[in-house]
Amino acid sequence: MTASAPDASGDSLRFRRLMGRWATGVSVVTARDGPTDAGLTVNALLSVSTHPPALLVSLMHDVDTLPVLRRAGAFAASFLAHDQRALSERFAATVPPAEKFRGLALHRGATGAPLLDGTLGALECRVRSVSPAFDHDLVLGEVVRQEVGRDVLPLLFYRSGYAEADGPDRLRLPRAAPGRKGNLGRGGFKPPRTRSSR
Ligand SMILES: Cc1cc2nc3c(=O)[nH]c(=O)nc-3n(C[C@H](O)[C@H](O)[C@H](O)COP(=O)(O)O)c2cc1C
């Protein structure tokens, strides 16, 4: 590995920039408790087990979706396609939950959680545990239903920006702003009115 300047491990800005080099897909995690739907954009998502299929998502302590998900005991993760960036931005905004769902094309799964239309697919999970992890909670879900959607390119998040489709089989990755080691900040993507600046 080509080393760059070492750094105190507690530098959270450097940590965010470095993690920005870890490309991820983008999902929208949703839950329903009675008449209340809630959901947020999530890229801290991990497949933890195949027998049984299980999923882990990491949610900030204070997101509005977490109490709804806890009460519901279930959640869904819809995997966004390359042309669904607007949905990622919508679910990352700090607005009342009902506003996120206004006029949205969705359907209901087995758990009642709202699933977004037009995605690559979705998993529905029963919550098995919620464990505190510093400023986040780790939500472990056992998959109870799988839905396969469109077979198209994914929405990718990289260096705090989204990859753009560049033809049917190509994605163009966001570039670092000149003179910067990541593109957080000037010239980079800033999610509108979000709690966390991923
Ligand atoms: C690409 C992207 C990925 C994100 N991933 C996460 C995540 O994994 N966990 C999290 O808690 N917030 C994540 N966020 C921030 C939340 O989507 C944001 O704080 C949202 O407003 C929370 O909504 P809520 O309070 O209605 O639940 C992400 C934002 C973006 C733009």
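Residues numbered from 1 in each chain as written. Predicted model: local features only at pLDDT ≥ 70, side-chain atom pairs only at ≥ 80, totals over all residues.

Along the backbone of the protein there are 4 helices and 14 strands. Among the 198 residues that make up the protein, the fraction classed as buried is 33%. The contacts of the protein with a sequence gap of at least 6 include a subset with a gap of at least 24, amounting to 65%. (Helix = DSSP H or I, 4+ residues; strand = E, 2+ residues; numbered from the N terminus. Buried ≥ 20, exposed ≤ 12 C-beta atoms within 10 Å, placed from the backbone. Contact = placed C-beta atoms within 7 Å.)

Here we take up the site of the ligand. Surveying the vicinity of the ligand reveals 25 residues, the closest of which are Leu 40, Ala 44, Val 63, Asp 64 and Thr 65. Of all the secondary structure elements, the ones that give two or more residues to the shell around the ligand are strand E3 (36-42), strand E5 (53-60) and helix H3 (85-92). By residue class, the composition of the shell around the ligand is 14 nonpolar, 8 polar and 3 charged. (Near = placed C-beta within 6 Å. Nonpolar A, V, L, I, M, F, W, Y, C, P; charged D, E, K, R; others polar.)

With that settled, the discussion passes to the sheet that holds strand E9 (residues 121-133). Sheet strands associate in pairs through backbone hydrogen bonding, adopting either a parallel or an antiparallel arrangement. Spatial ordering of the open sheet is given by E3-E2-E6-E9-E10-E5-E4, a layout of 7 strands whose pairing is antiparallel. Either end of the sheet is taken by a strand with one partner, and the two such strands are E3 and strand E4 (45-50). Between one strand axis and the next, the sheet turns through 30° on average, direction left out of account. Sheet analysis places strand E6 (residues 74-79) next to E9, joined by 6 bridges and oriented antiparallel. Along E9, the bridge assignment pairs Ala 76 with Glu 124. This element, H3, spans strand E2 (27-33) and E3 of the sheet and lies at about 115° to E3. (Pairing = 2+ DSSP bridges. Axes fitted to C-alpha atoms, helices over the stretch in contact; angles between N-to-C directions.)

An α-helix turns once per 3.6 residues; consequently, residues spaced three or four apart project the same way. Residues of H3 that are buried: Leu 87, Ser 88, Arg 90, Phe 91 and Ala 92. On its buried side, H3 packs onto E2, E3, helix H4 (97-101) and strand E8 (114-116).

Looking at the protein, the pLDDT average stands at 89 and 84% of residues meet or exceed 70. Within the model, pLDDT remains below 50 along residues 181-193, and this stretch shows 34 contacts once partners closer than five positions in the same chain are excluded. (pLDDT = per-residue confidence, 0-100.)

Attention now moves to the pairing of E2. Along E2, 6 of the 7 residues are buried, which leaves the element largely enclosed by surrounding structure. One ladder, built from 7 bridges, connects E2 with E3; its direction is antiparallel. Within E3, the position partnered with Asp 33 by the bridge is Thr 36. Between E2 and E3, which pair antiparallel in sequence order, lie 2 residues; one of them, Gly 34, sits at a positive phi of approximately 60°. Across 4 bridges, the pairing between E2 and E6 is antiparallel. The residue of E6 that forms the bridge with Val 28 is Ser 78.

Note that the residue after His 51, namely Pro 52, is joined by a cis bond; omega there is 0°. Positionally, Pro 52 belongs in the loop between E4 and E5. Positive phi outside glycine occurs at Arg 159, with the angle close to 50°. Its location among the elements puts Arg 159 in the loop between strand E11 (156-158) and strand E12 (161-162). Here Arg 159 falls in the buried class, since 24 other C-beta atoms lie within 10 Å of it. The residue Ser 160 is not glycine, and still its phi comes out positive at about 65°. Summarising the element assignment, Ser 160 is placed in the loop between E11 and E12.

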